[in-house]
Amino acid sequence: MANTLRAGRITGDPAAGLCERMCIEVKRVFDGCRESVSNQNFTLELNGIPPQAAPPLTFIRAESHGNAVFTLSDEENLANGKTCFSGEVSIPVIVTFADSLGNRYTATSNVRFFREFALGTPANSIVPYSLEVFVAFLSTIGNFISPAAVSVNACYVLIAKVIVPTDILVPTYGRCVYPDCTDCGENTCNAFLELPLFPD
């Protein structure tokens, strides 16, 4: 019999099997926006360059690594029911480079820039809202401008969201039942144990 208590597409009557109302705590996205930017120039100050890296160094790539942080500097109510959030976006970045001997190394940096977002905010309540920013950053074009800094041409996708912690009531099918895990290929021990004890 097929396991119906697992994630996946619903076939047949979606109400079949509903067994309870469950209260779950979620982050409600009250409003959000997306920004895609390409061919943007940044200067990255590098930290943690291994001392054994032999100059000259050659830039390979830089990409976001970890969660972006938005530091709010100003918040202003607008006439259209939205709020203008102003502040600095900081993105942790891993920079990959090669030395003159062909060895690859990594160093860390932070991309920082100022942004404003006009987003809808909920009415006053006991539970406060917050602004969360997600950024995916990538560059494969750049060069060293000093022993510990690179100039890069990058692209990034930024998503800003007004988040409100919320308790919601949803219908559920109960707890999820997971199927047994299966190996990707042949089990080494099974193949070994099936060998004859003595050769023919």
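J.: Hey, could you go over the side chain of S109 for me, with residue numbers and the actual values?
T.: Mapped onto the elements, S109 comes out in strand 5 (residues 104–120). Looking at S109, its side chain comes within polar contact range of the main-chain oxygen of E45, at 2.8 Å. Apart from residues no more than four positions distant in its own chain, S109 is found in contact with L44, E45, L46, I91, P92, V93 and V95.

J.: Which residues make up the nonpolar core, and what values go with them?
T.: Judged by nonpolar contacts, the single largest core of 34 residues is most densely connected at F42, L44, I91, F137 and L158. Looking at this core, the elements that each hand over two or more residues are strand 1 (20–45), strand 2 (58–64), strand 4 (82–98), strand 5, strand 6 (130–146) and strand 7 (149–172). By residue number, the principal contributor to this core is strand 7, which donates seven residues. Residues in contact with F137, not counting those within four places in the same chain, are F42, A62, E63, S64, I91, V93, V111, V152, A154, C155 and Y156.

J.: A description of the environment of F192 should follow, citing residues and the corresponding values.
T.: Locating F192 in the fold gives a position in helix 1 (residues 188–193). Put simply, F192 and I159 are 33 residues apart on the chain and 52 Å apart in space, counted from C-alpha to C-alpha.

J.: Give me the pairing of strand 4: which residues, what numbers.
T.: Here is the key point about a regular strand: its side chains alternate between the two faces of the sheet. With respect to burial, strand 4 is a largely interior element, 13 of its 17 residues being buried. One ladder, built from six bridges, connects strand 2 with strand 4; its direction is antiparallel. Considered in strand 4, the bridge of A62 is made with V95. Where strand 3 (residues 69–77) meets strand 4, eight bridges bridge the pair, whose relative direction is antiparallel. The residue bridging D74 from the neighbouring strand is S86, located in strand 4. Pairing of strand 4 with strand 5 involves 17 bridges; the strand directions are antiparallel. Counterpart to F97 in the pairing with strand 5 is Y105. Linking strand 4 to strand 5, which pair antiparallel, is a turn of five residues; within it G102 sits at a positive phi near 90 degrees.

J.: Now, about a nonpolar patch on the surface: what can you tell me, with residues and values included?
T.: A cluster of nonpolar side chains, contributed by L5, I10, L18, Y173 and V177, occupies part of the molecular surface with about 400 Å² of accessible area. Residue placement: Y173 occurs in the loop between strand 7 and helix 1. The exposure class of Y173 is partly exposed, given its relative accessible area of 31%.

J.: Account for the packing of aromatic side chains, with residues named and values stated.
T.: Under the definition given, this model contains eight aromatic pairs. Look at F42 and Y156: their rings are 6.4 Å apart centre to centre, the planes differ by 55 degrees, and that puts the pair in the tilted class. Here F42 is found in strand 1, whereas its partner Y156 is found in strand 7, with 114 residues between them in sequence. Residue classification places F42 among the buried residues on the basis of a relative accessible area of 10%. Judged by its relative accessible area of 7%, Y156 falls in the buried class. Between F97 and Y105, the aromatic rings sit 6.1 Å apart at their centres with planes inclined by 35 degrees, giving tilted as the arrangement. Assigned by exposure class, F97 and Y105 land together as buried. Connected via pairs of aromatic rings, a cluster forms that spans F42, F113, F137 and Y156.

J.: Explain the environment of N67 to me, and be specific about the residues and the numbers.
T.: For N67, the location among the structural elements is in the loop between strand 2 and strand 3. As a C-alpha pair, N67 and S90 span 23 residues in sequence and 8.9 Å in three-dimensional space.

What counts, and where the lines are drawn
- Residues numbered from 1 in each chain as written.
- Predicted model: local features only at pLDDT ≥ 70, side-chain atom pairs only at ≥ 80, totals over all residues.
- Heavy atoms only, no water.
- Helix = DSSP H or I, 4+ residues; strand = E, 2+ residues; numbered from the N terminus.
- Polar contact = N/O pair within 3.5 Å; in protein donor to acceptor, adjacent residues only side chain to side chain.
- Contact = heavy atoms within 4.5 Å.
- Core = buried A, V, L, I, M, F, W, Y, C linked by side-chain atoms within 4.5 Å.
- Buried < 20%, exposed > 50% of the residue type's maximum accessible area, 1.4 Å probe, protein only.
- Pairing = 2+ DSSP bridges.
- Patch = residues over 30% accessible without salt bridge, like charges linked within 9 Å, V, L, I, M, F, W, Y side chains within 5 Å.
- Areas by Shrake-Rupley, 256 points an atom, 1.4 Å probe, with all protein chains shown as cover.
- Salt bridge = Lys/Arg side-chain N within 4 Å of Asp/Glu carboxyl O.
- Phe/Tyr/Trp six-rings, centres within 6.5 Å; stacked < 30°, edge-to-face > 60°.

Nothing here speaks to function; it is all geometry.
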